[in-house]
Amino acid sequence: MSAGVVSSQADEYTKARIESVLSPLPGIQATGKPLTVRQRAKSKNVEYLPETDEVRIVIARNADGPAEFATRSLEWWAELQAGSIATRTVQQAIPLRFGTHEDISSGLGYKNGQPYVTVSPTGPTVTRKELVVKLPNHVTVTVVFIGKEYTTDIPVIVGKRQEVALL
């Protein structure tokens, strides 16, 4: 009974903090309206192998050109691309939602093979609570590559305040 009372009286930030205890991701998932993006992926370092639904990726080059390759599933590669696209999308949204980006760090993280956008406050102009409430809960990304589409949701996770060292 008490859990229901707490839940109905809690704000979105408090609910997100409670849910983060059960999450395998490090931090609190943002609670704002999700974003959607669709992007065509192009790379001269990736070749699609239709017979196996895989991609061959250039991982090393020498003076003569590509020297070493890795083969991965198209889904694995598309998930990696989706994580990068989601990160750029959130980075572009930060100045629009906060008017600044100097006190906010962001990047791409991975936990158990799952990509997520990580965002943390680094200065005094923004709080963790503001980030949780204003940033999108996730970014739905559709990656289009050689006529194939891959759609996934990339969560946005807000970490603790990070101290930035000045050099």
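Residues numbered from 1 in each chain as written. Predicted model: local features only at pLDDT ≥ 70, side-chain atom pairs only at ≥ 80, totals over all residues. Heavy atoms only, no water.

Caption draft 1: Summary view of the pattern of salt bridges. Summed over the entire model, instances satisfying the criterion amount to three salt bridges. A salt bridge links R56 to E47; the nearest nitrogen and oxygen atoms lie 3.3 Å apart. Between K148 and D53 there is a salt bridge, and its shortest N-O distance comes to 3.8 Å. Residue K148 is found in strand β9 (residues 148–158), and its partner D53 is found in the loop between β3 (46–49) and β4 (54–62); the two are separated by 95 residues along the sequence. Here K148 falls in the partly exposed class, since its relative accessible area comes to 36%. (Salt bridge = Lys/Arg side-chain N within 4 Å of Asp/Glu carboxyl O. Helix = DSSP H or I, 4+ residues; strand = E, 2+ residues; numbered from the N terminus. Buried < 20%, exposed > 50% of the residue type's maximum accessible area, 1.4 Å probe, protein only.)

Caption draft 2: Quick peek at the sheet that holds strand β5 (residues 65–73). As summarised here, the arrangement of the three strands in space is β3-β4-β5, forming an open sheet in which the pairing is antiparallel. Because the sheet does not close on itself, it has two edges, and the strands there are β3 and β5. With direction set aside, neighbouring strand axes in the sheet form an average angle of 30°. Note: β3 against β4, four bridges, orientation antiparallel. Residue Y48 lies in a different strand from β4, and its bridge partner there is V55. (Pairing = 2+ DSSP bridges. Axes fitted to C-alpha atoms, helices over the stretch in contact; angles between N-to-C directions.)

Caption draft 3: Structural detail: helix α3 (residues 74–98). Between its first and last C-alpha, α3 extends 36 Å over 25 residues, near the 36 Å set by a 1.5 Å rise per residue. Directly after α3, the chain includes G99, whose backbone phi takes a positive value near 75°. (Expected span 1.5 Å × (residues − 1).)

Caption draft 4: Structural context of the nonpolar core. Counting 32 residues, the largest nonpolar core has V119, L135 and V141 as its most contacted members. Where this core is concerned, the elements lending two or more residues are β2 (35–40), β3, β4, α3, β7 (114–121), α4 (128–134), β8 (138–145) and β9. Ranked by residue count, the leading element in this core is α3, at nine residues. Apart from residues lying up to four places away in sequence, V119 is in contact with V90, I94, I104, S105, S106, L131, L135, V156, I157, V158 and G159. (Core = buried A, V, L, I, M, F, W, Y, C linked by side-chain atoms within 4.5 Å. Contact = heavy atoms within 4.5 Å.)

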